[in-house]
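# Structural overview
The lines below spell out each chain.
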Amino acid sequence: EVVKVERPGTGDELRRWRLHGGDTSLLFRTLNRNKRSIAIDLRQPAGRDLTLGLAAHSDVVLENFRPGTLERWGLGPDAIRAANPQAVLVRISGYGQTGPYRDRPGFGGVAEAIGGLREVTGYPDRPPTRAGISLADSVAALYAVIGALMALRGNRHEVVDVALYEGIYSLMESLIPD
């Protein structure tokens, strides 16, 4: 069972992404099929408590905020571990939880550029182009799942840290160094 936590009022921004009719986009429906959804204000103490209550009954907690956001809300790894010592925390961000760019916002398109994908797409006489799909998001999700599965089989106390740009960089093989 997957429970998606969304912000109150507006929910996930993908709900209205490229909306052609109705009040929920086809993209949102596709990516979130079979998930339960709950609106929680993570910035409020009651929202924090409710979220930790969910974590207490979860095998995996997945988040994709900038590093330090969960900690500011009292929902960091220590709080998750206190609520459920067996829960695996998976963290996806643009540049990872450590390093010089950790505080920068990161999105798939930027990660594709930083990871080198946009350098090898397009035409030599034009600027780099988009690959056509959100490859950074999809690859990071795969690495997140692999990390979560490894942690579930091994040491559940680990935090899985996935950077969007690193997933793309890993696909580049020797293209960037070459």
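Notes on the structure follow. Note that the coordinates shown come from a computational prediction; the quantities given were computed from them, not determined experimentally.

### Focus: the sheet that holds strand S5 (residues 159-163)
A sheet is described by the order of its strands in space; here three strands give the open sequence S3-S4-S5, paired in parallel fashion. What marks the edges here is a single partner per strand, and that holds for strand S3 (60-63) and S5. Ignoring which end each strand starts from, the neighbouring axes of this sheet average 15° apart. Sheet contacts for helix H7 (residues 164-171): strand S4 (88-93) and S5; angle to S5, the most-contacted strand, approximately 65°.

### Regarding the nonpolar core
Membership of the largest hydrophobic core comes to 15 residues, with the highest contact counts inside it found for Val90, Ile92, Val160 and Val162. Every element with two or more residues in this core is listed here: S4, helix H6 (135-153), S5 and H7. Considering each element in turn, this core owes the most residues, five residues, to H6. Apart from the residues lying within four places of it in its own chain, the contact partners of valine 90 are Val60, Val61, Leu62, Glu63, Ala144, Ala148 and Val160. Counting residues in hydrophobic clusters, the runner-up holds 12 residues, among them Leu42, Leu75, Ala79 and Leu89.

### Digging into the pairing of S3
The alternating pattern of S3 places Val61 and Glu63 on a buried face, while none of Val60 and Leu62, on the opposite face, is buried. The pairing of S3 with S4 spans four bridges and is parallel. The residue of S4 that forms the bridge with glutamate 63 is arginine 91.

### Concerning unusual backbone geometry
For asparagine 34, which is not a glycine, the phi torsion comes out positive at approximately 70°. Following the sequence through the fold, asparagine 34 ends up in the loop between helix H1 (26-31) and strand S2 (36-39). What makes asparagine 34 exposed here is its relative accessible area of 77%. Within the chain, glutamate 173 stands out as a residue other than glycine whose phi angle is a positive 50°. Relative to the assigned elements, glutamate 173 resides in the segment after H7. Classification of glutamate 173 by relative accessible area gives exposed; the value is 72%.

Conventions and cut-offs
Here the residue numbering is sequential within each chain, running from 1 through the sequence in written order. In keeping with the model being predicted, local features are shown solely for residues with a pLDDT of at least 70 and side-chain atom pairs are shown and tallied solely at 80 or more, while totals for entire chains, interfaces and linings include all residues. Side-chain measures were taken over the full set of non-hydrogen atoms in the model, leaving aside hydrogen atoms and water. Pairs of strands are assigned from DSSP output, requiring at least two bridges between the strands. Going along the chain from the N terminus, every DSSP run of H or I of four or more residues is numbered as a helix, and every run of E of two or more is numbered as a strand. For every element, the axis is a line fit to its C-alpha atoms; helices are fit only across the contacting stretch, and the angle between N-to-C directions ranges from 0 to 180 degrees. Contacts between residues were defined by any pair of non-hydrogen atoms, one from each residue, lying within 4.5 Å. We define the nonpolar core as a collection of buried residues of types Ala, Val, Leu, Ile, Met, Phe, Trp, Tyr and Cys that are connected through side-chain atoms lying within 4.5 Å of one another. Under the scheme applied here, a residue whose accessible area is under 20% of the maximum for its type counts as buried, over 50% as exposed, and between as partly exposed, the area being computed with a 1.4 Å probe on protein chains only.

So, to be careful, I would describe these as geometric facts and stop short of saying anything about function.
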